[in-house]
Amino acid sequence: MSDIGFEHIFDIDIGVGSFHRVGLGPWGRRGIACVTGGTVSGPGIKGTILPGTGGDWAMVGADGNLALDVRLTIETDDNALIYMRYHGFMTGPKDVLRALNKGEAIDPSAYYFRTAPVFETGPGRYDWLNRIVAVGIGESRPQGPLYHVYRML
């Protein structure tokens with residue numbers, strides 16, 4: 001089997017606005033966060049997140065771990081639209097998760113925050129995104145997450 005490699009494709013800094021607590025359901029505590037905008041910057045993709053085109057349908061389990069279900073739209077600097085959706089997890093020691101929930105700054109090495117982005121876009125410069133496997137490595141911040149996104153080679 002060949003070695004698996006990764007290529008950095010961009011960082012995405014996501015702004016998060018209002019958070020709506022749906023409450024405790026059969027699978028945990030559901031909350032919905034509005035994506036307010038943000039920036040995308042990388043070697044081949046630069047742009048912004050279109051406000052009002054996304055959100056995070058998050059679930060906090062009984063164990064305190066967070067499951068993400070995010071959708072958003074990127075507009076590149078050359079006016080292409082890229083739909084991005086991802087599932088992922090943020091987990092770690094209970095005291096670290098409590099501190100993150102309070103909005104405290106915590107070193108990202110203290111918790112596990114990973115996503116699996118999937119992209120959709122039309123023909124042209126970015127259509128290669130339609131056919132890749134990607135992983136995002138996240139940092140939780142009070143203003144919203146920052147992800148470093150890589151394409152699996």
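Scroll up a little and you will see the structure.
The rules behind the values
Residues numbered from 1 in each chain as written. Predicted model: local features only at pLDDT ≥ 70, side-chain atom pairs only at ≥ 80, totals over all residues. Heavy atoms only, no water. Buried < 20%, exposed > 50% of the residue type's maximum accessible area, 1.4 Å probe, protein only. Helix = DSSP H or I, 4+ residues; strand = E, 2+ residues; numbered from the N terminus. Arc of directions from axis to C-beta. Contact = heavy atoms within 4.5 Å. Core = buried A, V, L, I, M, F, W, Y, C linked by side-chain atoms within 4.5 Å. 1 Å grid on protein atoms, 1.4 Å probe; cavity = no way out; pocket = protein on both sides within 12 Å on 5 of 7 lines; lining within 4 Å. Points joined across faces, edges and corners; volume = space filled by probe spheres on them. Phe/Tyr/Trp six-rings, centres within 6.5 Å; stacked < 30°, edge-to-face > 60°. Lys NZ or Arg CZ within 6 Å of the ring centre and 35° of its normal. Pairing = 2+ DSSP bridges.

K.L.:
Got a minute to help me understand helix H1 (residues 94–101) in this structure?
P.N.:
Residue pairs spaced three or four apart in an α-helix point in one direction, given the helix's 3.6 residues per turn. Within H1, burial applies to Val96, Leu97, Ala99 and Leu100. Take H1 and look down its axis: the buried residues cluster within an arc of 160°, on one side only. For H1, the exposed residues set more than 90 degrees away from the buried face come down to Lys94, Arg98 and Asn101. Along its buried surface, H1 packs onto strand S6 (81–91). One or two steps after H1, the chain reaches Gly103, where phi turns positive at roughly 90°.

K.L.:
Would you mind going over the nonpolar core with me for this structure?
P.N.:
As a rule of thumb, nonpolar side chains are buried together in soluble globular proteins. Of all hydrophobic cores here, the largest spans 31 residues; its most connected members are Phe10, Ile12 and Phe119. Secondary structure elements with two or more residues in this core: strand S1 (6–25), strand S2 (28–41), strand S5 (66–76), S6, H1, strand S7 (112–121) and strand S9 (146–152). Broken down by element, this core gets its largest block of residues, five residues, from S5. With near-sequence residues (within four places) excluded, Ile12 lies in contact with Thr39, Val40, Ile49, Leu72, Ile74, Met84, Pro145, Leu146, Tyr147 and Val149.

K.L.:
What exactly am I supposed to notice about the layout of surface pockets here?
P.N.:
Over the atoms rolls a probe the size of a water molecule, and its path tells where empty space is left. The calculated volume of the largest pocket comes to roughly 980 Å³. At the level of elements, S1, S2, strand S4 (55–60), S5, S6 and H1 are the ones that each hand at least two residues to the lining of the largest pocket. With six residues, the single largest contributor to the lining of the largest pocket is S1.

K.L.:
What should I look at first to understand the side chain of Asp69 in this one?
P.N.:
For Asp69, the location among the structural elements is in strand S5. Aside from chain neighbours lying at most four places away, what touches Asp69 is Gly55, Asp56, Trp57, Tyr86 and His87.

K.L.:
It is not clear to me how unusual backbone geometry should be interpreted in this structure. Could you clarify?
P.N.:
Glycine aside, residues mostly have negative phi angles, and peptide bonds mostly take the trans form. For Asn79, which is not glycine, the phi torsion reads 70° and is therefore positive. By the element assignment, Asn79 lies in the loop between S5 and S6.

K.L.:
Looking at this structure, how should I read the environment of Glu75?
P.N.:
With respect to the helices, strands and loops of the structure, Glu75 is situated in strand S5. A relative accessible area of 26% means that Glu75 is categorised as partly exposed. Taking the C-alpha atoms as reference points, Glu75 and Leu50, 25 residues apart in sequence, are found 6.5 Å from one another. Look past the residues within four positions of Glu75 in its chain and what remains in contact with it is Lys46, Gly47, Thr48, Leu50, Ala80 and Leu81.

K.L.:
Teacher, can you tell me more about the packing of aromatic side chains here?
P.N.:
Any pair of aromatic rings gets described here by the distance separating the centres and the angle formed by the planes. For the coordinates displayed, the defined rule picks out four aromatic pairs. Where Tyr111 meets Phe113, the ring centres are 6.5 Å apart and the plane angle is 45°; that geometry is what we call tilted. For Phe113, a relative accessible area of 4% translates into the label buried. Pairwise contacts between aromatic rings join Tyr86, Tyr111, Phe113 and Tyr147 into one cluster. Across the ring face of Trp57, the terminal group of Arg71 is positioned such that the distance to the ring centre comes to 4.5 Å. Seen from the ring of Tyr112, Arg114 lies directly overhead, with NZ or CZ sitting 4.9 Å from the centre.

K.L.:
Even after reading the chapter, I still don't get the pairing of S5, so can you show me in this structure?
P.N.:
One face of the sheet, then the other: side chains in a regular strand alternate in exactly this way. Buried residues dominate S5, accounting for eight of its eleven residues. As paired elements, strand S3 (residues 46–49) and S5 share three bridges and run antiparallel to each other. The partner of Ile49 across the bridge, within S5, is Ile74. Relative to S5, S4 runs antiparallel, the two being bridged by four bridges. Note that in S5 the partner of Met59 across the bridge is Ala67.

So far we have only geometry, and geometry alone does not tell us how the molecule works.
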